[in-house]
Amino acid sequence: MSSDSGESTQQIVDHLFRHEAGKMIAVLTRIFGISNLELVEDTVQETFLKALQVWKYGQLPDNPSGWLMQVARNRTIDLIRRQQKMAGLSEELAERLGASTESAIQQFFLDTEIADSQLRMIFACCHPALNQEDQVALTLKTVSGFGVQEIARALLSTNSAIQKRIYRAREYIRQESVSFEIPVGPELVRRLETVYTVLYLLFNEGYNSIKADELIRYDLCAEAMRLCKLLAEHKVGAQPQTHALLSLMCFQASRFNSRIGEDNTIILLQQQDRSKWDQELIRLGYYYLNLASTGDYLSVYHIESAIAGEHCLAPDFESTNWQSLLGLYDYLLEHKPTPVVQLNRAIILAQVTDVNQAIDTILDIPHIKGLLEHHYIYAAVLGDLYGRVGNKAEARRLLETAYRLTSSLAEKKLLQDKLNSLTLRVDS
Amino acid sequence: MKDFMFVFRSPSYEDLKLTPEQSQAAMQKWYSWIGELSAKGRYVGGAPLFNEGKMVKGKSPVITDGPFAEGKELVGGYLIIKAESLKEATELAFGYPDFDIEGSVEVREIVQMPM
């Protein structure tokens, strides 16, 4: 027994419960079947209650994770024995079955089998027939062990909306008897795509949502990375695309702490204190990007990771290799021709050539009029570029539109600063 | 400072069938209480007790099975803490997280034997 207690113990326990819940649910689902998720969750919950009852006096076991798994395993064996008893078997048969049951169940709790079960669970939660919202909520609940309230906070939604999503997803899984297996062959490739999309979404939800509080955003990014790593460490998931996605997450996460200033203001890339960038994560980013450089398929994650890595390489904003970035964005645009990519490419273009050309590219984006009226980011970027070429009237109009469109205080403050600097330049 | 024992009686969480969120919250309350006691240098130790037990009683002892009491009267565990006085120890017990599930704390000073 170790006797350290206090704040750190509390955090250990929070994360422990969350991670172990995911593991236990995966293992027990493999034993009891995916249609018995409720029984599985009850068993996991009973395990936690037992832990709580025993740990609350400030003493944790030396291996809390192993302790929980052992309790869950014993409960499982009990449950199955009870069911065998109810079947009214002869004592002799029950005894023989009992011995083999125990060793069979033991197998499911081996480390490699646990990882395997977790992967099955990820595939089930990211089933392509579910809509994306439901996939994300179900993954967070079932694989990551987040509570409904935490999911609502992380996804800026309400408890009842999240509950509905989870319920809907589970009903589908039950009724359609979704398989609890790791797909093979061409099916695997297709299913992995969906998993990547969900993990990418999870990460970005945490990385970009300024409105959610810092802690939960951090947890979300860390969780997306943990699951991606789980995938990368399994023989089935160790694909170039998985490594590319993981490296992208590492590069992005390295800047996590330098993007937000005190009082929750946004610090743009240009102003970020690069000494705060996490060098270890940048190193990992390159490590995984290297692993990703095999095979002949170049995914969007490869290109996005290369872009993020390019930014990490530059010691300061001025020495960024804009030319190389522009090339990467051209490439990305071919693979992912979306308005956001076009917008981001224009920002790079403004650094490489002249700003007017960047403005023209933005104005050429299909349906740009509507985008400027409804999405703050287009109005904010274009307004900023107009400001740089001295077209203050357009700059002001667009920045004010952007200000109106965003509900995030941090973004409003950033836009207000830009508007103020426009006025200053008029005065001087 | 003197040593005191907090003896806790409360229904078990398993009987109450707490939800994951409730158990998480209960755990947090316990750890922030214990953390607070440790930070003040008052936490000495503590342990849970199994619910099952035996009662041994009588001249030619009769052994009976536990549990010996209603769920909420059962001693679930104890803490040993340090405090200046019984009054202060009692005040420290105000932080006990399970009052709202009808739990109680018995505060007792531990007698120190002189050498």
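Residues numbered from 1 in each chain as written. Chains lettered and ligands numbered in written order. Predicted model: local features only at pLDDT ≥ 70, side-chain atom pairs only at ≥ 80, totals over all residues. Heavy atoms only, no water.

## Here's the deal with the overall build of chain B
Next, step 1: A tally of helices and strands in chain B yields three helices and six strands.
Next, step 2: Its helices and strands taken in sequence order, chain B reads β-α-α-β-β-β-β-α-β from the N to the C terminus.
Next, step 3: Its C-alpha atoms give chain B principal-axis dimensions of about 50 × 45 × 20 Å.
Next, step 4: The buried share among the 115 residues of chain B stands at 36%.
Next, step 5: Considering only intrachain contacts with a sequence separation of at least 6, the fraction spanning at least 24 residues in chain B is 76%.
Next, step 6: For chain B, the computed accessible surface area is about 7100 Å², with 58% contributed by carbon and sulfur atoms. (Helix = DSSP H or I, 4+ residues; strand = E, 2+ residues; numbered from the N terminus. Buried < 20%, exposed > 50% of the residue type's maximum accessible area, 1.4 Å probe, protein only. Contact = heavy atoms within 4.5 Å. Areas by Shrake-Rupley, 256 points an atom, 1.4 Å probe, with all protein chains shown as cover.)

## Description of the packing of aromatic side chains
Centre distance and the angle of the planes are the two values used to describe a pair of aromatic rings.
Next, step 1: Here the structure, examined in full by the defined rule, presents 22 aromatic pairs over all chains.
Next, step 2: The interplanar angle of 70 degrees and the centroid separation of 5.9 Å between the aromatic rings of Tyr196(A) and Tyr301(A) together place this pair among those described as edge-to-face. With Tyr196(A) in helix H9 (residues 185-208) and Tyr301(A) in helix H13 (residues 300-313), the pair connects residues that are 105 residues apart, well separated along the chain. One exposure class covers both Tyr196(A) and Tyr301(A), and it is buried.
Next, step 3: One aromatic cluster is present, formed by Tyr57(A), Phe6(B), Phe8(B), Trp30(B), Trp33(B), Tyr96(B) and Phe99(B) through successive ring pairs.
Next, step 4: The ring of Trp277(A) has Arg255(A) lying over it, and the distance from NZ or CZ to the ring centre is 5.6 Å. (Phe/Tyr/Trp six-rings, centres within 6.5 Å; stacked < 30°, edge-to-face > 60°. Lys NZ or Arg CZ within 6 Å of the ring centre and 35° of its normal.)

## Observations concerning the side chain of Arg345(A)
All names here are of chain A.
Next, step 1: The topology assignment puts Arg345 in helix H15 (residues 339-352).
Next, step 2: Assessed through its relative accessible area of 16%, Arg345 is described here as buried.
Next, step 3: Contacts of Arg345, omitting those with residues within four sequence positions, involve Leu326, Tyr329, Asp330, Leu333 and Thr361.

## Here's the deal with the domain arrangement of chain A
Residues and elements named next belong to chain A.
Next, step 1: Taken domain by domain, chain A holds domain 1 (7-350) and domain 2 (351-428).
Next, step 2: Taking only C-alpha atoms into account, the centre of domain 1 sits 36 Å from that of domain 2.
Next, step 3: At the interface, 20 residues of domain 1 touch 24 residues of domain 2.
Next, step 4: Buried surface at the junction of domain 1 and domain 2, both sides included, amounts to about 1800 Å², of which 72% is carbon and sulfur.
Next, step 5: Ranking the residues of domain 1 by area buried against domain 2 places Leu343, Leu349 and Ala350 at the top, with a combined share of 34%.
Next, step 6: Connecting domain 1 to domain 2 are zero salt bridges.
Next, step 7: Where domain 1 packs against domain 2, one counts six residue pairs in polar contact (both at pLDDT 80 or more).
Next, step 8: If you list the elements that add at least two residues to the side of domain 1 that touches domain 2, you get helix H14 (322-335) and H15.
Next, step 9: The element best represented in the side of domain 1 that touches domain 2 is H15, accounting for ten residues. (Domains from an automatic or database assignment. Buried area = accessible area lost by both parts, 1.4 Å probe. Salt bridge = Lys/Arg side-chain N within 4 Å of Asp/Glu carboxyl O. Polar contact = N/O pair within 3.5 Å; in protein donor to acceptor, adjacent residues only side chain to side chain.)

## A look at the sheet that holds strand S5 (residues 75-83) of chain B
Residue and element names in this part refer to chain B.
Next, step 1: Pairing is antiparallel in the open sheet, where four strands are placed in the order S2-S5-S1-S6. Unpaired on one side and paired on the other, strand S2 (43-48) and strand S6 (104-109) mark the two borders of the sheet. On average, each strand axis in the sheet is tilted by 20 degrees relative to the strand beside it, whichever way the strands run.
Next, step 2: As judged from the six bridges shared by strand S1 (residues 2-9) and S6, these two strands associate in the antiparallel manner. Each residue of the ladder has a partner; that of Phe4, found in S6, is Glu109.
Next, step 3: Running at roughly 25 degrees to S5, helix H2 (residues 20-39) makes contact with S1, S2 and S5 of the sheet. (Pairing = 2+ DSSP bridges. Axes fitted to C-alpha atoms, helices over the stretch in contact; angles between N-to-C directions.)

## Observations concerning the nonpolar core
Next, step 1: In this structure, Trp55(A), Leu199(A), Leu245(A), Phe6(B), Leu79(B) and Ile81(B) are the most contacted members of the largest nonpolar core, which totals 117 residues.
Next, step 2: Excluding residues that lie within four positions of it along the chain, Leu199(A) makes contacts with Ala224(A), Leu227(A), Cys228(A), Leu231(A), Leu245(A) and Met249(A).
Next, step 3: Ranked by size, the runner-up nonpolar core spans 39 residues in total, among them Val300(A), Leu372(A), Leu382(A) and Ala402(A). (Core = buried A, V, L, I, M, F, W, Y, C linked by side-chain atoms within 4.5 Å.)

## A few points about H15(A)
Residue and element names in this part refer to chain A.
Next, step 1: Here H15 contains 14 residues, and its C-alpha end-to-end distance of 20 Å stays within 8% of the 20 Å for a straight helix at 1.5 Å per residue.
Next, step 2: Along H15, the positions that sit buried rather than exposed are Val341, Leu343, Arg345, Ala346, Ile348, Leu349 and Ala350.
Next, step 3: Lining the buried residues of H15 we find H14, helix H16 (355-363) and helix H18 (376-388). (Expected span 1.5 Å × (residues − 1).)

## A closer look at the packing of helix H11 (residues 240-254) of chain A against H13(A)
To characterise two packed helices, one gives the angle between the axes of the helices and the distance between these axes.
Residues and elements named next belong to chain A.
Next, step 1: The contact between H11 and H13 brings their axes to 8 Å, and the two run at 30 degrees. By the criterion of interaxial angle, the relationship of H11 to H13 is roughly parallel. Handedness of the H11/H13 crossing: left-handed. Packed against H11, whose contacting residues are Pro240, Gln241, Ala244, Leu245, Ser247, Leu248, Phe251, Gln252 and Ser254, the element H13 presents Tyr301, His302, Glu304, Ser305, Ala308, Gly309 and Cys312 at the interface.
Next, step 2: Partitioning the contact of H11 with H13 into residue classes produces eight nonpolar, seven polar and one charged. (Parallel < 35°, antiparallel > 145°, perpendicular 65-115°, else oblique. Left-handed = near helix turned anticlockwise from the far one by under 90°. Nonpolar A, V, L, I, M, F, W, Y, C, P; charged D, E, K, R; others polar.)

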